[in-house]
Amino acid sequence: MYRRLSTSSVSALVKTYSLPIDNKCINSKYVPKYRLSLIDRETSVEKLHISSLPSVNIYIKRDDQLDSYASGNKLRKLEFLFADILSRPKCHHIITAGSLHSNHCKAVAVLAARFQRQAHFLLRTDRDNHDEQILQGNPLLNYLLGAKLYLISKKANIQRDIEPRIQLLEEELGGKDKCYAIPIGGSDTVGLFGYFDCFIREIIPLIDKLNLGHLVVPISSGGTMEGLALANYFTGNRVRIHAFAVSDNENYFKTHFNGILKELELDHLNQFVNNNSLVDICDSYVGLGYGRMTNEQIDFLHEIIRETGIIFDPVYTGKCLWGLYEELRNKRIDRFPTDGKNILFLHTGGLLGLMNPDFSNQWLLSSNSHANHRMRNWMTL
Ligand SMILES: Cc1ncc(COP(=O)(O)O)c(C=O)c1O
């Protein structure tokens, strides 16, 4: 019944995988055997010029330029998760969850369509499916790509509400053999190898070249930071990783990271998560909460987009950049000492977050607060 890609075209993309460093650091039974080759180049790095911070050198790694639809950090995780999915011949359904505008779900929808699997998403939202504004940005792409969408309450809790519903869905769809459940954000012991690998192959060579001392990244489900932090640890902790939370708090992320370490039998590293030596998790800029920005933050973002020509989204990269900016502006030398070391900001994508109609009024107001910008944008003939 299902049209499938020929086995030969899939197997041309699935490559055997081995760690790019001494493989004794992680028990080989946890290292993915395969990787789906979806990324064919290193992403570029450029200088990020922010005129109000003239004396700091910030570089930006453009993972937002990975693939035009799947985009960003999600693709790196899905290279490993989809290799696992495609290695299971009976598995047709992929179930995952996220916010209505989840970039992770959208990336899964793109790959599910490409590899002829059926995607199912539990999406957290207060909107219902008759809402005129529901099909915009990522939800529209999910819909067009044929994913099945199940709307759940915005307040749904992962353990209490989401996981039991995923189990129920698995039963309805014919059992575990036919289904593959990806946790929110693809942040599990398979997905984290995306950034583990990226750190070793693409970031380490930049450390001396750009005199890097700091790597800055947004954190929401945890996997991006966890892969980077583990790779940094096993290669001599040469940079300080600063993860700016866009939701939840430091404790939540430490608990998640410790859970991942336990699954990988690396519990002896828990102490380094707890004493902040593996990663510096900063939760001071979550502000109004996940997916919500203050008018001041939106103003900042509007200004930065106009000044740099690089698009940052309000949910992830924009909030993270705001946190970094505030730390540097307030000269928080405990976090960013004036030691001549430069900063690398990882742009994790998320462009379609800008198409979330929840922010429309705030963007309008943000031009309002700068009378001349308003003039610049809205012209009268
Ligand atoms: C664009 C973007 N950046 C950053 C993140 C955070 O990464 P992680 O979920 O791995 O912590 C996400 C996803 O949650 C994202 O979509």
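Residues numbered from 1 in each chain as written. Predicted model: local features only at pLDDT ≥ 70, side-chain atom pairs only at ≥ 80, totals over all residues. Heavy atoms only, no water.

The name that an unreviewed UniProt entry assigns to the protein chain is Tryptophan synthase beta chain-like PALP domain-containing protein, with the source organism given as Rotaria socialis. According to the UniProt record, the Cofactor (unreviewed entry) comment for the protein chain reads "pyridoxal 5'-phosphate". (UniProt positions renumbered as here; feature names shortened; annotations may be inferred.)

Caption draft 1: Molecular detail of the pairing of strand 10 (residues 240-245). Along strand 10, 5 of the 6 residues are buried, which leaves the element largely enclosed by surrounding structure. Sheet analysis places strand 9 (residues 212-219) next to strand 10, joined by 6 bridges and oriented parallel. Looking at strand 10, one finds that Pro218 is bridged to Phe244. Crossover handedness for the path strand 9 to helix 7 (residues 223-234) to strand 10: right-handed. Note that strand 10 and strand 11 (residues 280-282) share 3 bridges and pair parallel. (Buried < 20%, exposed > 50% of the residue type's maximum accessible area, 1.4 Å probe, protein only. Helix = DSSP H or I, 4+ residues; strand = E, 2+ residues; numbered from the N terminus. Pairing = 2+ DSSP bridges. Right-handed = clockwise from strand over helix to strand, strands pointing away.)

Caption draft 2: Local environment of the packing of helix 6 (residues 193-209) against helix 7. Two elements in contact, helix 6 and helix 7, have axes whose closest approach is 7 Å; the angle formed by their N-to-C orientations is 50 degrees. Compared by their axis directions, helix 6 and helix 7 come out oblique. The crossing of helix 6 and helix 7 is right-handed. Facing Tyr195, Phe196, Phe199, Ile200 and Ile203 of helix 6, the residues of helix 7 in contact are Thr224, Gly227, Leu228, Leu230, Ala231, Asn232 and Phe234. (Axes fitted to C-alpha atoms, helices over the stretch in contact; angles between N-to-C directions. Parallel < 35°, antiparallel > 145°, perpendicular 65-115°, else oblique. Left-handed = near helix turned anticlockwise from the far one by under 90°. Contact = heavy atoms within 4.5 Å.)

Caption draft 3: The arrangement of the UniProt feature "domain: Tryptophan synthase beta chain-like PALP" (unreviewed entry) in the protein chain in detail. UniProt feature "domain: Tryptophan synthase beta chain-like PALP" (unreviewed entry): in the numbering of this structure it lies at residues 41-349. Secondary structure content for residues 41-349 is 40% helix and 17% strand, while the C-alpha to C-alpha distance between its ends is 16 Å.

Caption draft 4: Representation of the nonpolar core within the structure. Formed by 78 residues in total, the largest nonpolar core has its most connected members in Phe82, Phe196, Phe199, Leu215, Leu228, Leu230 and Phe257. The element best represented in this core is helix 6, accounting for 9 residues. Sequence-distant contacts of Phe199, defined by excluding residues within four places in its chain, comprise Ile204, Ile207, Leu215, Leu228, Ala231, Asn232, Thr235 and Val239. (Core = buried A, V, L, I, M, F, W, Y, C linked by side-chain atoms within 4.5 Å.)

Caption draft 5: How the structure looks around the pattern of salt bridges. In the structure shown here, the tally under the stated rule is 23 salt bridges. Residue Arg238 is joined to Asp208 by a salt bridge in which the shortest nitrogen-to-oxygen separation is 3.0 Å. Remark: Asp208 occurs in helix 6 and Arg238 occurs in the loop between helix 7 and strand 10; sequence separation between them is 30 residues. A salt bridge links Arg332 to Asp334, with the nearest nitrogen and oxygen atoms 2.7 Å apart. Look at the salt bridges and you will find they share partners, linking Asp280, Glu327, Arg332, Asp334 and Arg335 into a network. (Salt bridge = Lys/Arg side-chain N within 4 Å of Asp/Glu carboxyl O.)

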